[in-house]
Amino acid sequence: MQKVQLPLLNRTIDAYLYEAPSGEKRPGILFLPDLTGVRDTTHKSAEILSTEGDYNVLVPDLYSGGVTMQKYCVQFLMNELVRNNEPSGNAPLAEFFEILDQFKEFENVDEHNIGVVGQCLTGGFVLHAAIRPEVKAPVVFHHSFGLKGSGIPKSCSSLIDKKVQGHFAYIDPMCPVWRVKQLETELHGNLEPHWYNLPHGIPHLFFNTEQGRKAFDRMGEFFEEQLK
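Attention here is on the structure that accompanies the text. (Residues numbered from 1 in each chain as written. Predicted model: local features only at pLDDT ≥ 70, side-chain atom pairs only at ≥ 80, totals over all residues. Heavy atoms only, no water.)

Observations regarding the pattern of salt bridges
In step 1: All told, the structure shown has 11 salt bridges when counted by the stated rule.
In step 2: Residues R213 and D217 are paired through a salt bridge, measuring 3.3 Å at the closest nitrogen-oxygen approach. You can see R213 and its partner D217 sitting in helix α8 (residues 210-227), four residues apart, about one turn around the helix.
In step 3: For D217, a relative accessible area of 33% corresponds to the partly exposed category. (Salt bridge = Lys/Arg side-chain N within 4 Å of Asp/Glu carboxyl O. Helix = DSSP H or I, 4+ residues; strand = E, 2+ residues; numbered from the N terminus. Buried < 20%, exposed > 50% of the residue type's maximum accessible area, 1.4 Å probe, protein only.)

As structure tokens, this is what we get:
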């Protein structure tokens, strides 16, 4: 793993790059943290995906470059366009696409085969990323924003024409069942939903519960199917 810096429009953030062991041009996976930021489990997930799948995995630290957790998260609470995961007027989404575009330019990343993982706070970004042709493997864990409807405007969900893998908890006030069901309807069979008797924050439980491990393995299988 190496720590790299990404110069964005309004700040320069830290990120952690796990390079594909083969050293060849390989698919890339952009692994976004959740509300709690980059944790040990985030690093372990990225390392396993890289070493076992031979992927280039990038974990951006969204709480770097002079931005604290509070400052980053307040954007989601104070801006209606961000709360509803709108495609424009949404600064966190725009910054996510800056990160994605820079990642695609990394030397050994196959810019035509990208996977994206988002969870909770960042889950809604995945749905927008799924519209892009180079994002072949979008994976969302219980998207908490947007708060209206399915979690993404219908004008955007109608543009998704590929499989999206989703992981959701049966009881989750931050991502209720009705939101997932509406997303499933809007994606017309393109959502592959998986349900768990787990609390919100499934990726934190990848390696210490049976269902958490099942979620991790399903994600790995999805990358294998879509990126290779």
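Resuming the write-up.
Here we look at the packing of aromatic side chains
In step 1: Considering all chains together, one arrives at 14 aromatic pairs under this definition.
In step 2: The interplanar angle of 45° and the centroid separation of 5.4 Å between the aromatic rings of F168 and W195 together place this pair among those described as tilted. Placement of F168 in strand β7 (residues 164-169) and of W195 in strand β8 (residues 191-196) is noted, with a sequence separation of 27 residues between them.
In step 3: Using a relative accessible area of 1% as the deciding quantity, one classes F168 as buried.
In step 4: Residue W195 is classed as buried on the basis of its relative accessible area, which comes to 18%.
In step 5: Residues F206 and F216 carry aromatic rings whose centres are separated by 5.1 Å and whose planes lie at 65° to one another, so their mutual orientation is edge-to-face. A residue pair is termed long-range when its members are at least 10 positions apart, and F206 in the loop between β8 and α8 and F216 in helix α8 qualify at 10 residues. Exposure class is identical for F206 and F216. Each is buried. (Phe/Tyr/Trp six-rings, centres within 6.5 Å; stacked < 30°, edge-to-face > 60°.)

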